[in-house]
Amino acid sequence: MAETVHSPWLTYTSMISLLTLCPPFVILLWYTMVHADGSILQTFEYLRQNGIDGLKTIWPMPTPIAWKIIACFGAFEAFLQLALPGKRFEGPISPAGNVPVYKANGLQAYAVTLLTYLGLWWFGIIDPSIVYDHLGEIYSALVFGSFVFCIFLYLKGHIAPSSTDSGSSGNPIIDFYWGMELYPRIGKYFDIKVFTNCRFGMMSWAVLAVTYCIKQYEMNGKVSDSMLVNTALMLVYITKFFWWESGYWCTMDIAHDRAGFYICWGCLVWVPSIYTSPGMYLVNHPVQLGTPLAVLILLSGLLCIYINYDCDRQRQEFRRTNGKCKIWGKAPSKIVASYRTTKGETKTSLLLTSGWWGLARHFHYVPEISAAFFWTVPALFNHFLPYFYVIFLTILLFDRAKRDDDRCSSKYGKYWKMYCDKVRYRVIPGIY
Ligand code: NDP
């Protein structure tokens with residue numbers, strides 16, 4: 001059975017709360033951004049006056065057009081995932097000792113998707129506004145459809161697991177929430193987590209960012225500089241993601257978190273709605289920043305995205321070369337850590353203790369959160385809601401740092417303690 005570490009605060013009760021609270025939150029966020037001027041107070045007042053009936057009234061039902069948009073997008077991405085050429089990539093060895101093999105064609109799929117979308121718009125075949133105009137119905141369809149998809153994952157994990165990296169905790173709610181399988185596949189080649197996390201979730205983020213820009217252009221005849229900065233930073237971040245997609249296959253999301261509601265529903269619903277929300281807000285709030293401020297925000301955001309990329313690159317280059325690389329111009333300092341797999345074999349791994357990984361054990365989360373701040377701040381400070389993603393991300397990543405520390409501590413034991421003694425701070429050097 002694949003290893004699972006549950007965050008201590010994510011108790012059984014909080015799992016149920018997240019399962020039930022997330023879907024209405026997605027719809028309320030969309031409603032507030034699009035129909036309540038981005039004002040939480042306005043939505044709150046509406047709900048206070050109208051209660052549950054009010055929520056039912058504003059909840060858009062999934063329509064055939066919404067299902068069609070989702071089905072076309074999903075089918076196109078699944079086709080690209082299977083059909084586009086790409087180098088063979090071996091993921092990290094799993095807890096059960098398997099080595100998952102992938103086809104690294106994410107950047108090609110990303111380029112083909114954006115070019116096709118922009119081409120269809122340019123030649124008047126599809127108007128991206130249709131996506132924005134049906135956004136509520138699309139989110140509603142995603143909320144329900146992804147829930148059904150997670151039930152499919154749960155059943156597949158029980159009936160037809162793809163590999164030995166699977167198993168039940170004995171509690172059906174935990175199995176549904178955290179997932180049963182680490183690398184579920186359809187056939188030999190179609191990796192479900194690559195589809196949900198990368199080709200649907202991250203790709204929809206890029207497509208929606210472009211959609212918001214085009215919608216603002218169609219509404220106002222021009223695109224505000226705030227929207228341009230927001231879209232440019234998000235697209236640079238997503239381009240970086242697909243550039244480095246095979247690196248992502250070595251991270252916690254893919255190598256440790258199993259395919260369940262937590263990660264798959266999150267990528268299928270939370271990413272297209274919450275992650276894109278600063279752009280969604282800007283569509284009908286076209287703030288004009290002026291060139292100096294716009295350029296300052298853009299450059300600050302680019303710097304953060306670069307540092308975040310460089311942290312990930314440093315760790316992967318260090319592992320790939322077995323520590324025989326330069327970190328900030330010098331030979332890296334490291335800990336040679338041994339651990340036992342679930343099969344009882346002893347293996348060794350290297351822990352980098354210099355460069356970014358010598359500043360704090362999860363320093364890479366600082367530029368990640370800062371980048372999100374910089375693509376949100378073009379909205380300025382009239383409303384709180386555009387900042388929801390930054391706040392959510394901060395909580396997610398601080399919890400993740402704790403989860404990762406716990407997992408590494410149980411994996412590496414005394415070697416992880418040596419790392420903690422040498423690099424004392426978890427995320428922010430000198431503070432935490
Ligand atoms: P990673 O999986 O990339 O890094 C943590 C893992 O790296 C550990 O589990 C451990 O794995 C290994 N490791 C830990 N310390 C060291 C060290 N000193 N030297 C070498 N290896 C080490 O982290 P994440 O998946 O959290 O992050 C990957 C990227 O994704 C980041 O850029 C992050 O900001 C981003 N991210 C974005 C999110 C978003 O929602 N926007 C959410 C989460 C991440 P092992 O078992 O191999 O030793």
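Residues numbered from 1 in each chain as written. Predicted model: local features only at pLDDT ≥ 70, side-chain atom pairs only at ≥ 80, totals over all residues. Heavy atoms only, no water.

## Examining the domain arrangement of the chain
Assigned domains of the chain: these are domain 1 (12–288) and domain 2 (310–432). Placing a centre on the C-alpha atoms of domain 1 and another on those of domain 2 gives a separation of 25 Å. Taken together, the contact pairs 39 residues of domain 1 with 28 residues of domain 2. When the two sides are added together, the surface that domain 1 and domain 2 hide from each other amounts to roughly 2,900 Å², 63% of it contributed by carbon and sulfur. For the pair domain 1 and domain 2, the interface holds two salt bridges. Residue D253 pairs with R400 through a salt bridge whose shortest N-O separation is 2.8 Å. Scanning the region where domain 1 abuts domain 2 turns up nine residue pairs in polar contact (both at pLDDT 80 or more). Listed by contribution, the elements that provide at least two residues to the side of domain 1 that touches domain 2 are α1 (12–35), α9 (225–243), α11 (252–255), α12 (261–275) and α13 (277–283). Looking at the side of domain 1 that touches domain 2, the element that brings in the most residues is α9, giving seven residues. Looking at the side of domain 1 that touches domain 2, its residues break down into 24 nonpolar, 11 polar and four charged. (Domains from an automatic or database assignment. Contact = heavy atoms within 4.5 Å. Buried area = accessible area lost by both parts, 1.4 Å probe. Salt bridge = Lys/Arg side-chain N within 4 Å of Asp/Glu carboxyl O. Polar contact = N/O pair within 3.5 Å; in protein donor to acceptor, adjacent residues only side chain to side chain. Helix = DSSP H or I, 4+ residues; strand = E, 2+ residues; numbered from the N terminus. Nonpolar A, V, L, I, M, F, W, Y, C, P; charged D, E, K, R; others polar.)

## A short note on the pattern of salt bridges
A full pass over the atoms with the stated rule returns 16 salt bridges. The salt bridge partner of R199 is E245, with a shortest N-O separation of 2.8 Å. Taken together, the residues R199 in helix α8 (residues 192–220) and E245 in helix α10 (residues 245–248) connect sequence positions 46 residues apart. Take E245: its relative accessible area is 2%, and that puts it in the buried class. Note that R320 and E317 form a salt bridge whose closest N and O atoms lie 3.0 Å from each other. (Buried < 20%, exposed > 50% of the residue type's maximum accessible area, 1.4 Å probe, protein only.)

## Notes on the site of the ligand
In the vicinity of the ligand, 29 residues are found, and the nearest of them are D312, Y365, E368, D404 and Y412. Residue H364 places a side-chain N or O atom 3.4 Å away from an oxygen atom belonging to the ligand. Taken together, the elements giving at least two residues each to the shell around the ligand come down to α14 (291–320), β6 (346–352), α16 (365–376), α17 (388–412) and α18 (414–422). The element contributing the most residues to the shell around the ligand is α17, with 10 residues. Its residues assigned to classes, the shell around the ligand comprises 17 nonpolar, four polar and eight charged. Counting contributing residues, the shell around the ligand receives three or more from each of domain 1 (12–288) and domain 2 (310–432). (Near = heavy atom within 4 Å.)

## A few points about the UniProt feature "transmembrane region" (unreviewed entry) in the chain
The sites that carry the UniProt feature "transmembrane region" (unreviewed entry) are, in the present numbering, residues 12–31, 65–84, 107–126, 138–155, 226–244, 259–277, 289–309 and 372–398. For residues 226–244, helix accounts for 95% and strand for 0%, while the C-alpha atoms at its two ends are 27 Å apart. In the segment residues 372–398, helix accounts for 59% and strand for 0%; the C-alpha atoms at its two ends are 15 Å apart. (UniProt positions renumbered as here; feature names shortened; annotations may be inferred.)

## Here we look at the packing of aromatic side chains
Where two aromatic rings form a pair, the distance of their centres and the angle of their planes describe that pair. In this structure the tally under the stated criterion is 46 aromatic pairs. Between Y177 and Y262, the ring centres sit 6.1 Å apart and the planes meet at 40 degrees, which makes this aromatic pair tilted. With Y177 in helix α7 (residues 172–178) and Y262 in helix α12, this pair connects stretches of sequence that are 85 residues apart. According to the relative accessible area criterion, Y177 is buried, its value standing at 2%. Considering the side-chain rings of F398 and Y432, the 5.4 Å spacing of their centres and the 35 degrees angle between planes classify their relative orientation as tilted. In this pair, F398 sits in helix α17 while Y432 sits in the segment after α18, placing the two residues 34 residues apart along the sequence. Accessibility expressed as a relative area gives 35% for Y432, which makes it partly exposed. Members of the aromatic cluster, connected to one another through ring pairs, are F25, W205, Y237, W270, Y275, W375, F388, Y389 and F392. (Phe/Tyr/Trp six-rings, centres within 6.5 Å; stacked < 30°, edge-to-face > 60°.)

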